[in-house]
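Structure at a glance
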Amino acid sequence: MPPSVNWQELVANWAEIRAWKYQTKDNQAIFDFSDGPGGRGLSMSIAASSDHLSFQMTDDRYLDEKDLPVAVAAANLWNGTHRLPTAYIQVPEDGSQAYIGASFIADISVDCDLERFARLADTFVQLSLGMFEYFNDKYAL
């Protein structure tokens, strides 16, 4: 990201406009949405490198082991037919339960103001929510 752009300020201003609260941890902004599609809780993180923003959203409803094959197939189908966001199934190595996630990496090597950032972040949120709703409606995930 160009030195003139402070992504933390963009996140803070965007969150204030949306009236969303967030925390910072390990150079990430972490949002907790407790009332997502189907009454599910969702969390989103935004982090930055020198020229990219990384958006990730996860569903807090865990997947049963028996649902993993369907979830993986659904994510692969989604990724083959949709450009954004990228769907993934996270299966933690520590044996905790798996969950569905959405991710998007944006190139911000050019100047990024609040309007551009807000458009990008809002689009990611809407597309991710749509993906989670689709997985819930079509596959009961």
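We now turn to the structure provided with this report. (Residues numbered from 1 in each chain as written. Predicted model: local features only at pLDDT ≥ 70, side-chain atom pairs only at ≥ 80, totals over all residues. Heavy atoms only, no water.)

What follows deals with the overall build of the chain. When helices and strands are tallied, the chain shows 3 helices and 6 strands. In the chain, the order of α-helices and β-strands from amino to carboxyl end is α-β-β-β-β-α-β-β-α. Its C-alpha atoms give the chain a radius of gyration of 16 Å, near enough to 14 Å, the size a compact globule of 141 residues would have. Its C-alpha atoms put the chain at 50 × 30 × 30 Å along the principal axes. For the chain, the residues scored as buried account for 39% of the 141 residues in total. Carbon and sulfur atoms form 48% of the exposed surface of the chain, whose accessible area is close to 8100 Å². Computing the positive centroid from 10 side-chain charges and the negative centroid from 20, the chain places the two 5 Å apart. (Helix = DSSP H or I, 4+ residues; strand = E, 2+ residues; numbered from the N terminus. Rg over C-alpha atoms; globule rule 2.2 N^0.38 Å. Buried < 20%, exposed > 50% of the residue type's maximum accessible area, 1.4 Å probe, protein only. Areas by Shrake-Rupley, 256 points an atom, 1.4 Å probe, with all protein chains shown as cover. Lys, Arg positive; Asp, Glu negative; His and termini not counted. Charge placed at Lys NZ, Arg CZ, Asp CG, Glu CD.)

As a further point, take helix H3 (residues 114-139). A rise of 1.5 Å per residue sets the reference length of H3, with its 26 residues, at 38 Å; its end C-alpha atoms lie 36 Å apart and thus fit the reference within 8%. Within H3 the residues assigned to the buried category are Phe117, Ala118, Ala121, Phe124, Val125, Ser128, Met131, Phe132 and Phe135. Packing partners of the buried residues in H3 comprise helix H1 (7-18), strand E3 (42-48), strand E4 (52-59), helix H2 (68-81), strand E5 (86-90) and strand E6 (99-107). (Expected span 1.5 Å × (residues − 1). Contact = heavy atoms within 4.5 Å.)

With antiparallel pairing, the 6 strands of this open sheet are ordered in space as E1-E2-E3-E4-E6-E5. Each edge of the sheet is formed by a strand with only one pairing partner; in this case those strands are strand E1 (22-25) and E5. Geometrically, the sheet is characterised by an average inter-axis angle of 25° between neighbouring strands, direction not taken into account. Sheet topology places strand E2 (residues 28-33) next to E3; 6 bridges connect them, and they run antiparallel. Within the sheet, the bridge partner assigned to Ile30 lies in E3 and is Ser45. Running at roughly 30° to E4, H3 makes contact with E3, E4, E5 and E6 of the sheet. (Pairing = 2+ DSSP bridges. Axes fitted to C-alpha atoms, helices over the stretch in contact; angles between N-to-C directions.)

In this structure the tally under the stated criterion is 13 aromatic pairs. Between Trp78 and Phe135 the ring centres are 6.0 Å apart and the planes differ by 85°, which places this aromatic pair in the edge-to-face class. Placement of the pair is Trp78 in helix H2 and Phe135 in helix H3, with a sequence separation of 57 residues. Each of the two residues, Trp78 as well as Phe135, counts as buried. Relative to Phe135, the ring of Tyr134 has its centre 6.2 Å away and its plane inclined at 55°; by these criteria the two rings are tilted. Note on Phe135: relative accessible area 0%, which makes it buried. (Phe/Tyr/Trp six-rings, centres within 6.5 Å; stacked < 30°, edge-to-face > 60°.)

Here we take up H2. Here H2 is 14 residues long and its end C-alpha atoms lie 20 Å apart, about the 20 Å a rise of 1.5 Å per residue gives. The secondary structure elements touched by the buried residues of H2 are E5 and H3.

Remember, this is a structural readout, not a statement about activity or role.
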